[in-house]
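Letter by letter, the chains look like this.
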Amino acid sequence: MNRTTAAVRVAAVAALTGLAACTSSGAPEGPEAWHSASAPAALPALRTAERSTQQAGTARVRSTTVMGSQLSLTADGLLAWRDGLSGSLTLRYTGGTAATTMRGLGVTSMQARYLHDAYYARMGEAFAAKTGGRHWLRYGYEDLRSLGGGADLAEQMRSTTPDQSVRLLLDSEDVRAVGEETVDGRSTTHYSGTVAVGDITDAGLRQRLRSAGVTGESLDIWIDEKNLLVKKVEKSSTAGGKVTQSAHYSDYGVKVAVRRPPAADTQDFKALLSQSGTNPS
């Protein structure tokens, strides 16, 4: 696999990873609880937070993800989830073998735009020089099956939303209120728990996590006085090792408008791989 082809695949993984960090479940072990509420006592507040976060529809997000020695990155931008998921994130490669591959092509950061049928990754000038001068790579959700994950990957991109972090914790058998904490200047209640993928009641979410190789989640979330998700932190056990993700949410209700990049400046990733003589599957 040549360096350009490798970068095309890394860009796909990075865009998916950055989105997952902002929208799926989350949490590492928190501090020792100064009090512990029983799971039934915590559930009504979490159900209210799930509804409020889902109904808010949009937010500004920033996240950090570490996938062992493979990839670490940050993401910052706006997401909307009223009618499917859309938004724009700036991804910055901060470490790992994948980051080394991208730096070899002069790429240290990437803009990702998420629309209802595809997402677009904007690469740097050095990369564009190797791909006919076009800066944007288009990844159709249905085409992502050629990168592994099949239709499940497409479904994850379309339906994952921040409120699923709260929803996932509702399936924890040891969920507890850890205490009152100030996060990003907001008064919050910290909840913590662990979840076995097999115990998740939402069949779609359970299948998506299994498709990603996730076997278990350790999750912490912080909910503010408006019943909105302020922060999540997760540690996942996967077939490929440990994944740690954290995300912060603010500016709920912010306007999110995502433009499709110009067709003349866009290259379809499957066509690019075909031109290079690489079988995308």
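This one's a predicted model, so the numbers in the text were calculated from it and none came from an experiment.

Some remarks on the overall build of the protein
Point 1. A tally of helices and strands in the protein yields eight helices and 12 strands.
Point 2. Within the protein, the proportion of its 281 residues that are buried is 53%.
Point 3. Looking at the protein alone, contacts between residues at least 24 apart form 64% of all its contacts between residues at least 6 apart.
Point 4. Summing over all exposed atoms, the protein offers an accessible surface of approximately 12000 Å²; the carbon and sulfur share of this is 48%.

With respect to the packing of aromatic side chains
Point 1. One pass over the structure, following the stated rule, counts five aromatic pairs.
Point 2. Residues W81 and Y252 carry aromatic rings whose centres are separated by 6.5 Å and whose planes lie at 90 degrees to one another, so their mutual orientation is edge-to-face. Taken together, the residues W81 in the loop between β2 (71-80) and β3 (86-95) and Y252 in the loop between β11 (241-250) and β12 (266-268) connect sequence positions 171 residues apart.
Point 3. Judged by its relative accessible area of 18%, Y252 falls in the buried class.
Point 4. Here the aromatic rings of Y119 and Y141 are separated by 6.4 Å at their centres, their planes lie at 35 degrees, and the arrangement is tilted. Taken as a pair, Y119 in strand β5 (residues 118-122) and Y141 in the loop between β6 (136-140) and α5 (150-159) lie far apart in primary sequence, 22 residues in all. Comparing Y119 with Y141, the two get one shared label, buried.
Point 5. Positioned above the aromatic ring of W222, the side-chain terminus of K231 is 4.6 Å from the ring centre.

Things to note about the sheet that holds strand β7 (residues 176-183)
Point 1. In space, the 12 strands of this open sheet follow the order β7-β8-β9-β10-β11-β1-β2-β3-β4-β5-β6-β12, with mixed pairing throughout. In the strand order of this sheet, the two ends are held by β7 and β12, each with one partner. Here the average twist between neighbouring strands, direction ignored, is 20 degrees.
Point 2. Pairing of strand β4 (residues 109-114) with β5, which is carried by four bridges, proceeds in the antiparallel orientation. The residue bridging R113 from the neighbouring strand is Y120, located in β5.

Points about the nonpolar core
The nonpolar side chains of a soluble globular protein tend to be buried, and buried together.
Point 1. Counting 67 residues, the largest nonpolar core has L46, Y93, M110, Y119, F127, Y139 and I221 as the members making the most contacts within it.
Point 2. A per-element tally of this core places helix α1 (residues 3-23) first, with 10 residues.
Point 3. Y139 has contacts with V8, A11, A12, A118, Y119, A121, L144 and F269, leaving out every residue within four places of it along the chain.

Let's talk about the confidence of the model for the protein
Point 1. Mean pLDDT over the protein: 81, with 82% of residues reaching 70 or higher.
Point 2. Across the protein, β7 holds the top mean pLDDT of 95, while α5 sits lowest at 54.
Point 3. The low-confidence segment residues 25-39 (pLDDT under 50) makes 49 contacts with residues lying over four places distant or belonging to another chain.

Cut-off values and rules
Sequence order as written defines the numbering, with residues in each chain counted from 1. Reporting of local features is limited, given that this is a predicted model, to residues whose pLDDT is at least 70; pairs of side-chain atoms are given and counted only at 80 or more, and all residues count toward the totals for whole chains, interfaces and linings. For the side-chain quantities, the full set of heavy atoms in the structure was used; hydrogens and water were omitted. Helical segments are the DSSP runs of H or I of at least four residues, strand segments are the runs of E of at least two, and each set is numbered from the N terminus. We call a residue buried when its accessible area falls under 20% of the maximum for its residue type, exposed when it is over 50%, and partly exposed in between, using a 1.4 Å probe and counting protein chains only. In what follows, residue pairs with any heavy atoms lying within 4.5 Å of each other are defined as contacts. All accessible areas in this document rest on Shrake-Rupley with a 1.4 Å probe, and a residue is counted as covered only by the protein chains that are shown. Pairing of aromatic side chains requires ring centres within 6.5 Å, counting the rings of Phe and Tyr and the six-membered ring of Trp. Pairs whose planes differ by under 30 degrees are stacked, by over 60 edge-to-face, and all others tilted. Our definition puts a charge over a ring when NZ of Lys or CZ of Arg is within 6 Å of the ring centre and also within 35 degrees of the ring normal. Two strands pair if DSSP finds at least two bridges between them. The axes are straight lines fitted to the C-alpha atoms, using for helices just the contacting stretch, and the angles between their N-to-C directions are given from 0 to 180°. Grouping buried Ala, Val, Leu, Ile, Met, Phe, Trp, Tyr and Cys residues that are joined through side-chain atoms within 4.5 Å yields what is termed a nonpolar core. Note on scores: pLDDT gives the predictor's confidence for each residue, bounded by 0 and 100.

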